[in-house]
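What follows is the residue order along each chain.
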There are 2 protein chains.
Amino acid sequence: MTRREFGKLTTGISAVAAAQDLTDRSVLPGVWRLRFGTPESITPVTTRFYQPARDRISSLPAVQQPPIALNAIAGTASARGFEVRLPLQGGEAIYGLVLQFHSVLQRGLKKKLRVNADPVADIGDTHAPVPFYVSSSGYGVLIDSARYVNIYCGNKVKKHTRRPRTSGIDATRVAAELPASFSRYNVGEQSDVLVEISRAQGVDIYLFAGPTMRQAVQRYNLFSGGGALPPRWGLGFWYRCYGKFNQSEVLQLASELRQEQIPCDVLGLEPGWQSHSYSCSFAWSDDFPDAATMLSRLKDAAYKVNLWEHAFTHPSSPIYKPLYEHSGNYEVWDGLVPDFLDLEARNIFGGYHDRELISKGIAGFKLDECDNSDYTGNWSFPELSQFPSKADGEQMHSLFGLHYQQTVQSVYVRHGLRTFGLVRSSHALAAPFPYVLYSDLYGHRDFVRALVNSGFSGLLWCPEVRDAIDKEDLVRRLQCVIFSPLAMVNAWYIRNPPWKQVERDANNAGKFSEDSREVEGICRKLIELRMQLLPYIYAAFVRYHLEGLPPVRALALDYSDDVKTWTIDDQYMFGDDLLVAPLFAGQTQRQAYLPKGEWCDFWTGELYTGSHMVSVTAPLDHIPVFVKAGTLLPLAQPTLHTDDPNAFVLTVRAYGSGDGNATLFEDDGSMKPDFTRVSIRWEENEPAGKLERFGRIYAKTYTVRTWERVRAS
Amino acid sequence: MTRREFGKLTTGISAVAAAQDLTDRSVLPGVWRLRFGTPESITPVTTRFYQPARDRISSLPAVQQPPIALNAIAGTASARGFEVRLPLQGGEAIYGLVLQFHSVLQRGLKKKLRVNADPVADIGDTHAPVPFYVSSSGYGVLIDSARYVNIYCGNKVKKHTRRPRTSGIDATRVAAELPASFSRYNVGEQSDVLVEISRAQGVDIYLFAGPTMRQAVQRYNLFSGGGALPPRWGLGFWYRCYGKFNQSEVLQLASELRQEQIPCDVLGLEPGWQSHSYSCSFAWSDDFPDAATMLSRLKDAAYKVNLWEHAFTHPSSPIYKPLYEHSGNYEVWDGLVPDFLDLEARNIFGGYHDRELISKGIAGFKLDECDNSDYTGNWSFPELSQFPSKADGEQMHSLFGLHYQQTVQSVYVRHGLRTFGLVRSSHALAAPFPYVLYSDLYGHRDFVRALVNSGFSGLLWCPEVRDAIDKEDLVRRLQCVIFSPLAMVNAWYIRNPPWKQVERDANNAGKFSEDSREVEGICRKLIELRMQLLPYIYAAFVRYHLEGLPPVRALALDYSDDVKTWTIDDQYMFGDDLLVAPLFAGQTQRQAYLPKGEWCDFWTGELYTGSHMVSVTAPLDHIPVFVKAGTLLPLAQPTLHTDDPNAFVLTVRAYGSGDGNATLFEDDGSMKPDFTRVSIRWEENEPAGKLERFGRIYAKTYTVRTWERVRAS
């Protein structure tokens, strides 16, 4: 009934991709492919849009030997599908399979990686079920499948195969240092990762060398094509308007934000902009009788416009008829399901978006509802659907969000325009897509855990702010979103900004809270902080783009040799030098773990010694943030939007006593810029530092107005 | 890639069962089988233990025509597996696919029927994923599969196949009468039930005629073999002891319950009785140095003993070695997974239980952990496991609980002994097994919803009482379990009865609440009520056994022509004449819907006119229960256990003004008794009624001491 085989080794990437998408057939350094049986034809790799960033992979450390013994990886075909077994050492932790909301350390867990909106349980359902994991031992594994892959992360023991604990790792120490709740997972024992791919008769497994876990992630992200590079405005502040606003109400809100001195770069329009939205017409509604004028006025006020939509296409849409033959055999909300794996469907869908929206100035989109729906009303297409591309509903669910991104991204690529947007589902190889995941779920702690997890598998996450229980909840949530890839308030169900009234019904009735001015003030300061951090955040994204290093990372990714970081799910690295330890509503104090080295309080400069748990307090208007001692942190002058030239005027803060340096980037904002590297240095005893520029001079360039040393009094 | 075919019609049951299990090949009235493609060899029907109750099916109304047009049912094979489409009319509701915790009306939902412990979401994971549903139009459908069947209950629309709403049902009226929250499910439209069975290349579909929905359930239960018939003691009160009690502590508790006049028939021992429990040795621990004496003393005190266990067999168990070759290829908690589909495994496992436990007086078992574990620590065997019987892990998960019951039941059958026990997983055709489902989840409302749902698919459910938030929560929970198939307090993690202290830590520290005497008094009264209801409950179970009518039923099952009952998930029928509308902690009042007819308050006799929503209040010591007007309700004298002859001394209560009658049953307690029917009648104007007996006279017979009319003053 079953046959067992060992994978065929290939040092190189697959060449089975659709011809229009993949031309690169060369070997990639530190990336191995093992082919088992006959892989399926529709997978993340075979349908990829972005090519591997081969030159940049070469700049990672050379690794000659595969990171795990290849003859220890075995594949087995059975009537159920295909099974792959990968070894796991005692004391080895694994991460990824994101975007999980409910767990960070995956060793010991089972995950059925199935795309789903609003998963409330830790069983593998997620907006972005990426079949990629990384090991604390410094390698990554991609299972190249669009199936709902079942992964048992080292918790299944074959009968009578007790194995010794010995390995290169001090497994006993690891097991001892983990919290007691992890003891049941037998982390100290040798085990396997078991992968089951239903229906498949083979699979390609890609191994990514490190040598560190962080470098394995970088290698995976560069294999994916490198990290997304948003436009600068995408890193400013976003505000999504009430869904029922009409054209003049949108303009009124845009004007109010400017008057009230709330920085804002992007205005998002929610379903009400369309003549039909469930399913979508992709055409302006009667509430927007002169969209061109509105867009022109918003442009004059330096706003970018982002439009909500989903892909299910209503009969009233101009693209319904042309899409009909290029869609699945089931409807969603009376609408067609475009077959985004079909080039013609992408052309019809993308072409319309180009002509009617993107060419008319729409800067980006929020791609909603592209996940599945078992948890929420079950509105999506069944897994047994069939598509012209020969994908079934299961494969299409896995890849739908990814190829929806690709469809829209192709248009921006054609125009040479950067965009930044939101998407509700993604999958493997997603790093180059300038889209940030979000959810209808709203647990603040889950949102932080998603931030922590996102960096493991090439995803970005937005812990968006909607309403709140009280002002404390609002401010604490806003603090997190400020220290995230996309800083957004999503007011789609409230008429007024949440700082005027957190309670939904009262907000919509226009009853503002008594302390609304005070709360607005705190929020304005936080949004201004986002604007100040923009040069630093942009630099982190350039590193994501060029080096594959995620801008938001679990502590375990940067400090994988420190077991105490392995289970931390409520702190994260933000860029190179900042460690964020958010507070949640109801907390005035928390414990935070600081890894090795010295750390400074972002606000006061107070010095902490690392490798310790510390107790942090922060007033409501401060979020606990720690800066690596020695950091030069360049902060921009806060502006109302990124178009303002003052956004390039810096105050450079030096933390700690040592000499610091920082790197920023300037460019022309195009899709493939030559980056000008801006090096900032400041000797300890000098009254001011130096800014040096390597590369051409662009219209907007950084200048330093103030040099500040931040030290605890 | 796909081929479509129509099922082959057979009026009769399958004959593909294992020879030792199925000898009946005859046609069954009102049951049709449609065979599509080549069904799998391991299914609930092919591995069944109980035979259909063919004589009793014949006593249901004759139905000549299949309940749905057979040529409207289509099957399609694809690379994914097998798909079956069954028609659904506008205005038709469907139920079942139990044991669901989170929804009752299934139309509009998708369920992936996958066995799982503690499912927190409404996606189909459940302790008992029975692939059987019933329709408000009066028929049932069994999908005979041990796969994780995917069922889309009328919510998926094929592209461009809008269908009219016309059907025999007034679909517009139905849609209008349902709560607004159901509008999204398009209940008014014609649709399909889509069934997808992964990996299978065919399937048998069984159709069960009604003509009513209730009769369709009866027909399914009789096809399963008829409902379970518990021993009388099984319907008394159960108390499961603290898991760490030793032998003398168990005896001490047994003695206390008698001293404190708390009725109790069954004492349950939890893991501590075994020398090794995760995995299990099935041998007494050192804390029970003389189990034989303990059992003898408990027997003298009229207690029955029920032992906790699970099936995963520890290396220290005497049956480890013999089971080794008859177990799956993965371990659970270092233990073997017995292949309960393998006769030899059942003989080894059952034989040991017989010799060491059942023959020594153990009256029954609690079969724990036989579900799967995606939600809770992921401790069970993987779906890719392989078993000697050729079942894979998925099929074994579906059938494990069912065949665990069979393994133990076979022993009791061999002895001709009735048992009653608990099990954490079940599946199709389970009605004859005298096992009641339970869960580690503890939501009181979910527990009531499970009671409501259980009757749709031949399952019994115990809303067991453990600890509580406060005394109100305790009493409200106890009230529900009194009106349930198995009345149990499960004190496995508390040393003392919860009425002494509801809070867990305080309970274990022996700190009793100030009002413990008062709370104990309320609880005693409720447990006495259980003992009083026992003749009535036993009669309901005899009807389950003989006629397939579940003792606990959704209102929709008895009143399927009343759309107002369709979505009720917090009231249920208990036996023929009682309608229970439980209160939950925090409530002093609730709305309850009374169907057509007249109803009397159980406590006061107050008369209500049905087809109305009524407002009910009840003091803490009363649960709202309504009695059909005209009912003669025989209540036994409360005794400390069912062995007491006074348990047969009745007070007969007449509710309402009409003439009443009631039927009770007497028998010898054996496995296949000749029931003596006891008919009780009471003319309105007579001072007392009559008891007539049809059948032989047994040692214990009912007598009526008191005749009471219950009327509101």
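Predicted model, so just to flag it, every value in this text is computed and none were measured.

**Considerations on the interface of chain A and chain B**
Right, on to step 1. In this complex, chain A contributes 33 residues to the contact, which on the side of chain B involves 33 residues.
Right, on to step 2. Tallied by class, the residues present in the side of chain A that touches chain B amount to 13 nonpolar, seven polar and 13 charged.
Right, on to step 3. By the bridge criterion, two bridges tie strand S13 (residues 157-158) of chain A to strand S19 (residues 330-331) of chain B in an arrangement that is antiparallel. Paired with A:Lys158 across the two strands is B:Tyr330, which belongs to S19(B).

**Structural notes on the environment of A:Leu460**
Residue and element names in this part refer to chain A.
Right, on to step 1. Tracing the sequence through the fold places Leu-460 in the loop between helix H9 (444-454) and helix H10 (471-482).
Right, on to step 2. Residue Leu-460 is classed as buried on the basis of its 31 C-beta neighbours within 10 Å.
Right, on to step 3. Sequence spacing of Leu-460 and Phe-483 is 23 residues, and the spatial spacing of their C-alpha atoms is 12 Å.
Right, on to step 4. Residue contacts for Leu-460: discarding those within four places in its chain leaves Ala-228, Val-436, Leu-437, Ser-454 and Pro-485.

**With respect to the domain arrangement of chain A**
Residue and element names in this part refer to chain A.
Right, on to step 1. The domain boundaries assigned to chain A delineate domain 1 (3-224) and domain 2 (234-416).
Right, on to step 2. Between domain 1 and domain 2, the C-alpha centre-to-centre distance is 33 Å.
Right, on to step 3. Taken residue by residue, the interface counts 15 residues in domain 1 and 16 residues in domain 2.
Right, on to step 4. Among the residues making up the side of domain 1 that touches domain 2, the classes are represented as nine nonpolar, four polar and two charged.

**Describing helix H4 (residues 247-259) of chain B**
Residues and elements named next belong to chain B.
Right, on to step 1. The terminal C-alpha atoms of H4, which comprises 13 residues, lie 19 Å apart, in line with the 18 Å expected from a rise of 1.5 Å per residue.
Right, on to step 2. Along H4, the positions that sit buried rather than exposed are Gln-247, Val-250, Leu-253, Ala-254 and Leu-257. All buried residues of H4 project into a common sector of 130 degrees when viewed along the axis, lining one side. Opposite its buried face, H4 presents the exposed residues Ser-255, Glu-256 and Gln-259, each directed more than 90 degrees away.
Right, on to step 3. For H4, the secondary structure elements touched by its buried residues are strand S16 (237-240), strand S17 (266-269) and helix H5 (291-300).
Right, on to step 4. Just downstream of H4 lies Gln-261, where phi reads positive at about 60 degrees.

**Quick word on the sheet that holds strand S21 (residues 421-423) of chain B**
Residues and elements named next belong to chain B.
Right, on to step 1. In space, the seven strands of this open sheet follow the order S22-S21-S20-S18-S17-S16-S23, with parallel pairing throughout. The open sheet terminates on both sides in strands that have one partner only, identified here as strand S22 (435-437) and strand S23 (487-490). On average, adjacent strands in this sheet sit at an angle of 25 degrees to one another, irrespective of strand direction.
Right, on to step 2. Both S16 and S17 contribute to a ladder of three bridges, which runs parallel. Along S17, the bridge assignment pairs Trp-238 with Val-266.
Right, on to step 3. Strand contacts of helix H8 (residues 393-415): strand S20 (364-367), S21 and S22, with the helix running at about 165 degrees to S20, the strand carrying the most contacts.

Rules behind the numbers
Residues numbered from 1 in each chain as written. Chains lettered and ligands numbered in written order. Predicted model: local features only at pLDDT ≥ 70, side-chain atom pairs only at ≥ 80, totals over all residues. Contact = placed C-beta atoms within 7 Å. Nonpolar A, V, L, I, M, F, W, Y, C, P; charged D, E, K, R; others polar. Pairing = 2+ DSSP bridges. Helix = DSSP H or I, 4+ residues; strand = E, 2+ residues; numbered from the N terminus. Buried ≥ 20, exposed ≤ 12 C-beta atoms within 10 Å, placed from the backbone. Domains from an automatic or database assignment. Expected span 1.5 Å × (residues − 1). Arc of directions from axis to C-beta. Axes fitted to C-alpha atoms, helices over the stretch in contact; angles between N-to-C directions.

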